[in-house]
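Coordinates in review
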Amino acid sequence: MKINPINRIDTVYQAYQKQQPNRSDATKQPQTDKVELSSEAQLQIQKEKDAKIEQLKSQIANGTYKVDSEKLAEKLLSAWKSGAKIDE
């Protein structure tokens, strides 16, 4: 009985491995998501921002703008707890 040398099988296996894409390299790259807004959506957002700004400007000019002291205090407190410098 003749036994074929195992290095022939190993040679074929190594050639096969070289042809296969390296799966470990593909999984090492971080996965990232990307969101892009259409030009119509960007235009709509800008229109809404402009309308809000104009509304606030008119309220300030008329003297009808009221500051919610509780919301302001909550924002200042959360900023202080996070370590943000408020005076900058």
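All figures in this text were calculated on a predicted structure; none of them were measured in a lab.

Here we come to the overall build of the protein chain. Regarding its fold elements, the protein chain presents four helices and zero strands. Mapped from its N terminus to its C terminus, the protein chain presents α and β elements in the order α-α-α-α. Every one of the 88 residues in the protein chain was classed for burial, and the buried ones make up 0%. Accessible surface computed for the protein chain: about 9300 Å², of which carbon and sulfur atoms make up 54%.

With that settled, the discussion passes to the pattern of salt bridges. Across all of its chains, the model carries one salt bridge by this definition. Of the charged contacts, one joins E36 and K34 as a salt bridge, the two residues approaching to 3.3 Å between their closest N and O atoms. Taken as a pair, E36 and K34 share a single burial class, namely exposed.

Turning to helix α3 (residues 39–62), a few remarks are in order. One turn of the α-helix equals 3.6 residues, which is why residues spaced by three or four share an orientation. In this model, α3 (24 residues) spans 35 Å end to end at C-alpha, consistent with the 34 Å of a helix rising 1.5 Å per residue. Taken from the residues just after α3, G63 is the one with a positive phi, measuring 80 degrees.

Helix length check: helix α4 (residues 69–82), at 14 residues, gives a terminal C-alpha distance of 20 Å against a target of 20 Å (1.5 Å per residue), a fit within 8%. Little of α4 sits out of view: just zero of its 14 residues are buried.

Turning our attention to the confidence of the model for the protein chain. With 80% of its residues at a pLDDT of 70 or more, the protein chain has an overall mean of 84. When mean pLDDT is compared element by element in the protein chain, α3 scores highest at 96, while helix α2 (residues 23–28) scores lowest at 60.

Note that Q55 resides in helix α3. Between the alpha carbons of Q55 and Y65 there is a distance of 9.7 Å; along the sequence they are ten residues apart.

Turning our eyes to something else, we now look at a nonpolar patch on the surface. Together, I60, Y65, V67, L72 and L76 give the surface a local cluster of nonpolar side chains, amounting to about 480 Å² of exposed area. In this structure, V67 sits in the loop between α3 and α4. Residue classification places V67 among the exposed positions, given a relative accessible area of 56%.

The rules we used
Residues numbered from 1 in each chain as written. Predicted model: local features only at pLDDT ≥ 70, side-chain atom pairs only at ≥ 80, totals over all residues. Heavy atoms only, no water. Helix = DSSP H or I, 4+ residues; strand = E, 2+ residues; numbered from the N terminus. Buried < 20%, exposed > 50% of the residue type's maximum accessible area, 1.4 Å probe, protein only. Areas by Shrake-Rupley, 256 points an atom, 1.4 Å probe, with all protein chains shown as cover. Salt bridge = Lys/Arg side-chain N within 4 Å of Asp/Glu carboxyl O. Expected span 1.5 Å × (residues − 1). pLDDT = per-residue confidence, 0-100. Patch = residues over 30% accessible without salt bridge, like charges linked within 9 Å, V, L, I, M, F, W, Y side chains within 5 Å.

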